[in-house]
Amino acid sequence: MKPKNMAAQLDDFSDHVQELIDFLRLKRVYEKALNINIPGIDLEQAKAFTQKVHQVCPYSNATRNNIEVELITTNHD
């Protein structure tokens, strides 16, 4: 993968993360499963990004050890 292409994918991923955080904030979702779709990248990369975001997400941190969350990551276009 070319570095420029990877940078564009990371920017796109950042947009998806912000959308997820905004959705959680607005809907006050307290479910056990989060379905995350990151199109256009390898599934293993998508899962790795999801895990990293889950570690720094303020909502994940607030509920950690209180609510068990299942992360379901896909990479469908």
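Because the structure is a prediction, the values reported are computed rather than measured. (Residues numbered from 1 in each chain as written. Predicted model: local features only at pLDDT ≥ 70, side-chain atom pairs only at ≥ 80, totals over all residues. Heavy atoms only, no water.)

Draft legend 1. Local environment of the nonpolar core. In this structure, Phe13, Val17, Ile21, Leu34, Ile36, Ile38, Ile41, Ala46, Phe49, Val53 and Cys57 together form the largest nonpolar core, which totals 11 residues. For this core, the secondary structure elements donating two or more residues are helix H1 (3-27), strand E1 (33-37) and helix H2 (43-56). Ignoring any residue separated from it by four or fewer positions in sequence, one finds Ile36 in contact with Leu20, Thr50, Leu71, Ile72, Thr73 and Thr74. (Core = buried A, V, L, I, M, F, W, Y, C linked by side-chain atoms within 4.5 Å. Buried < 20%, exposed > 50% of the residue type's maximum accessible area, 1.4 Å probe, protein only. Helix = DSSP H or I, 4+ residues; strand = E, 2+ residues; numbered from the N terminus. Contact = heavy atoms within 4.5 Å.)

Draft legend 2. Looking closely at the environment of Ala46. By the element assignment, Ala46 lies in helix H2. Sequence separation between Ala46 and Asn75 is 29 residues, and the spatial gap between their C-alpha atoms is 6.8 Å. If we ignore the near neighbours within four places in the chain, the residues touching Ala46 are Ile38, Ile41, Thr73 and Thr74.

Draft legend 3. Quick look at the side chain of Thr73. Here Thr73 lies in strand E2 (residues 70-74). Side chain to side chain, Thr73 and Thr50 meet in a polar contact 3.2 Å long. The residues touching Thr73, leaving out its near neighbours within four places in the chain, are Ile36, Leu43, Ala46, Lys47 and Thr50. (Polar contact = N/O pair within 3.5 Å; in protein donor to acceptor, adjacent residues only side chain to side chain.)

Draft legend 4. Representation of H2. Here H2 contains 14 residues, and its C-alpha end-to-end distance of 20 Å stays within 8% of the 20 Å for a straight helix at 1.5 Å per residue. Of the residues that open H2, the one with a side-chain oxygen 3.0 Å from the backbone nitrogen of Glu44 is Asp42. (Expected span 1.5 Å × (residues − 1).)

Draft legend 5. The side chain of His54, seen in detail. Structurally, His54 is set in helix H2. Here Ser60 takes part through its side chain, which lies 2.8 Å from a polar atom of the side chain of His54. Those residues in contact with His54, other than ones at most four positions away along the chain, are Ser60, Arg64, Val69 and Leu71.

Draft legend 6. Local environment of the environment of Ile41. Position of Ile41 relative to the elements: it lies in the loop between E1 and H2. On the basis of relative accessibility, which here comes to 7%, the residue Ile41 falls in the buried class. For the pair formed by Ile41 and His76, sequence separation is 35 residues and the distance between their alpha carbons is 9.0 Å.

Draft legend 7. Region of interest: the pairing of E1. Only one face of E1 is buried: it carries Leu34 and Ile36, and the other face, with Ala33, Asn35 and Asn37, is open. Pairing analysis gives 5 bridges linking E1 to E2, with the strands arranged parallel. Looking at the pairing, Ala33 lines up with Glu70 of E2. (Pairing = 2+ DSSP bridges.)

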